[in-house]
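Analysis of the macromolecular model
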Amino acid sequence: MENYVRSDLASAQGKVEVWAWIEKVRDQKSMQFVILRDRSGNLQMTIEKASKPEIAEVVSHFTQDYYVKVRGEVVPNEYVKLGKKELIPDSLEVLSKADISPIDSESSIDQRLDYRWIDLRDPKKRLIFEAQTALTQGMRNYCIEHGFIEVHCPTTIKNESESGSGVFEVKYFDKKAYLIQSPQFYKQMAIAAGFEKVFIATPIYRAEKSFTRKHATEFSGFDLEFANVSSVEDVMKVEEELLQAGLKEVNEKYGQKIKELLGVDIIVPSLPFPRVTMKEVYKILEEECDYPLDEGADLDTEAENLLSAYMMKKNNHQFFFVKDYPSDVRPFYSMHKDDEPGYSETYDLYYKDIEITSGAMREHRPDVLAKQIAEKGIDPKTMEENYINFFKYGCPPHGGFGLGLDRLTMLMLDIPTIKEAMFVFRGPDRLNP
Ligand code: AMO
């Protein structure tokens, strides 16, 4: 019994055992040429029909995406285009048969999402998730190196935390619960618990019937919260460093491959990111973009597009912060500015032309918080036990932000829609697969 070494296709040499997909079969009169595929790459397997009739018979039934185990020898052959080597099989076993794929390169995005697992076999699509792994690794390393504790929190909650954004109701035995729209309350609770610095990676749910390139009903949040913050600037500084660390990791690990396969340059952003206040934004929109907004109004999509174009041209930077929003357009938990009535210690971060984060210094004084909750038309009593009380027994001033990982991935790789930047998309019309 000869020894075959288990190998992936890219590093296969000598006597090997490989487990691989069938990518393509060329069945000729006396020879068969089969391209095998695995994550590492492709390798040609060559069969001389006369000398290996049993193997040739099996191969003659192959269609794309059969999965096989092959034992054989890799030998040099300068006529083979693919790597100048070929695998001559001694034995071959079919581990999985494959029906003809229901999708191809002509299929619509919705057809492809119906068969997402087949769609994802394309190495270009796998690269999205390889790059995302490096992105979260870079961000996670940053958090750990800076003393953050990772917290895992429930995805169910008794109250809505983000008034204004839709919430999914779930039956919780004989009670009603909601799916979290943000880990907001839990991360602030960790600060009240004295953890000082926390991060949470969690699914987040939004019951919004939005059909845009940037909306999903469930997405992945990467949230940070930390103590001893004296202004929104302290929060923004952490976020720009975090993103720089994440993109640096992506660039080091996959920058070249992303350029080759996706044609996208990963730019590791320089610090500090450009900043603009909402008061300045109203001026820019009116004077530079001919798109006046009433002071106090939130940015609509057109304003976001015009402002992004202006900021990117002016600063030659892919990111920019918009800070000091009117309090009226921000959630109740935001700290209002002492020196500018009507404005708050809050920000949004834009990457290219889309918002990827909201962040803020929080209101940690329970009486002021209750007042702000009431101003949003919510009875503060309903939020006492699972929110306001966190701040009654001592709590450091704090702040944090919520980063949408799927939007960040989409923008980093210039993917046209969030549907393709997520492993599995969830939208108003999609609960399958
Ligand atoms: P916000 O509601 O702005 O803030 O959400 C934070 C970030 O989450 C992403 N995001 C979405 N991604 C995909 N589909 C959606 N429907 C969607 N909605 C939001 C965006 C957005 O910037 N609690 C605050 C954060 C904080 O202050 O810490 C919050 O949830 O990238």
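This structure is a prediction, so every number in the text was calculated from the model and none was measured.

1. Thoughts on the domain arrangement of the protein chain
For the protein chain, the assigned domains read domain 1 (5–96) and domain 2 (116–274 + 317–420). Relative placement of domain 1 and domain 2: their C-alpha centres are 47 Å apart.

2. Concerning the pairing of strand 2 (residues 14–27)
As paired strands, strand 1 (residues 5–6) and strand 2 are joined by two bridges and run parallel to one another. Pairing of Val5 across the sheet is with Val16, part of strand 2. Pairing geometry for strand 2 and strand 5 (residues 67–76), over eight bridges, is antiparallel. Its bridge partner lying in strand 5, Val16 is registered against Gly72. Pairing of strand 2 with strand 3 (residues 31–38), which is carried by six bridges, proceeds in the antiparallel orientation.

3. So, the packing of aromatic side chains
Overall, the coordinates contain 19 aromatic pairs when judged by the stated rule. Ring plane angle 5° and centroid distance 5.0 Å describe the contact between Phe320 and Tyr350, whose orientation is recorded as stacked. In this pair, Phe320 sits in strand 14 (residues 319–323) while Tyr350 sits in strand 15 (residues 346–351), placing the two residues 30 residues apart along the sequence. The class of Phe320 is buried, set by a relative accessible area of 1%.

4. A look at the environment of Leu9
Summarising the element assignment, Leu9 is placed in the loop between strand 1 and strand 2. Filtering out sequence-adjacent residues up to four positions away, Leu9 remains in contact with Val18, Ala20, Leu36, Arg37, Asp38, Ser40, Gly41, Asn42, Leu43 and Lys85.

5. Quick word on the site of the ligand
Lining the immediate surroundings of the ligand are 21 residues, of which Gln184, Lys187, Glu355, Ser358 and Arg362 lie closest. The separation between a nitrogen atom of the ligand and a polar side-chain atom of Gln184 is 2.7 Å. The contact in question runs from an oxygen atom of the ligand to an N or O atom on the side chain of Lys187, over 2.7 Å. If the ligand stood free it would expose 630 Å²; the protein chains cover 92% of that surface. Secondary structure elements with two or more residues in the shell around the ligand: helix 5 (184–192), strand 16 (354–361) and strand 17 (398–404).

6. Considerations on the side chain of Thr202
Secondary-structure assignment places Thr202 in strand 11 (residues 197–205). Thr202 has contacts with Thr155, Ile180, Pro183, Phe219, Ser220 and Gly221, leaving out every residue within four places of it along the chain.

7. Let's talk about unusual backbone geometry
Cis geometry is adopted by the peptide bond preceding Pro272, which originates at Leu271 and carries an omega value of -10°. Tracing the backbone through its elements, the reader meets Pro272 in the loop between helix 6 (232–262) and strand 13 (275–277). Look at Asp65: it is not a glycine, yet its phi comes out positive at around 80°. By the secondary structure assignment, Asp65 is in the loop between helix 1 (53–59) and strand 5. A positive phi angle, near 65°, is found at Asn228, a position not held by glycine. Its location among the elements puts Asn228 in the loop between strand 12 (218–227) and helix 6. Classification of Asn228 by relative accessible area gives exposed; the value is 58%.

Rules used in this analysis
- For every chain, the first residue of the written sequence is number 1, and numbering continues from 1 along that sequence.
- Under the rules for a predicted model, residues below a pLDDT of 70 receive no local features and side-chain atom pairs below 80 are neither given nor counted, while totals for whole chains, interfaces and linings still include all residues.
- Based on all heavy atoms of the structure, the side-chain values leave hydrogens and waters out of the count.
- Each domain's extent is set by a domain assignment, obtained either automatically or from a database.
- Two strands are said to pair when DSSP picks up at least two bridges between them.
- Numbered from the N terminus, helices here are DSSP runs of H or I no shorter than four residues, and strands are runs of E no shorter than two.
- In this analysis, rings of Phe, Tyr and Trp, with Trp reduced to its six-membered ring, are considered paired at centre separations within 6.5 Å, and the interplanar angle assigns stacked below 30 degrees, edge-to-face beyond 60, and tilted for intermediate values.
- Burial classes: relative accessible area under 20% of the type maximum marks a residue as buried, over 50% as exposed, and values in between as partly exposed (1.4 Å probe, protein chains only).
- Two residues qualify as a contact provided that any one of their heavy atoms is within 4.5 Å of a heavy atom in the partner residue.
- Neighbouring residues are identified by heavy atoms, a residue being near a molecule or strand if any of them is within 4 Å of it.
- Identification of polar contacts relies on pairs of N or O atoms within 3.5 Å, with a donor-acceptor requirement for protein atoms, meaning one able to donate a hydrogen and the other able to accept it, and with residues adjacent in sequence counted only if both atoms are side-chain atoms.
- Only the protein chains shown count as cover for residues, with accessible areas throughout obtained via the Shrake-Rupley method and a probe of 1.4 Å.

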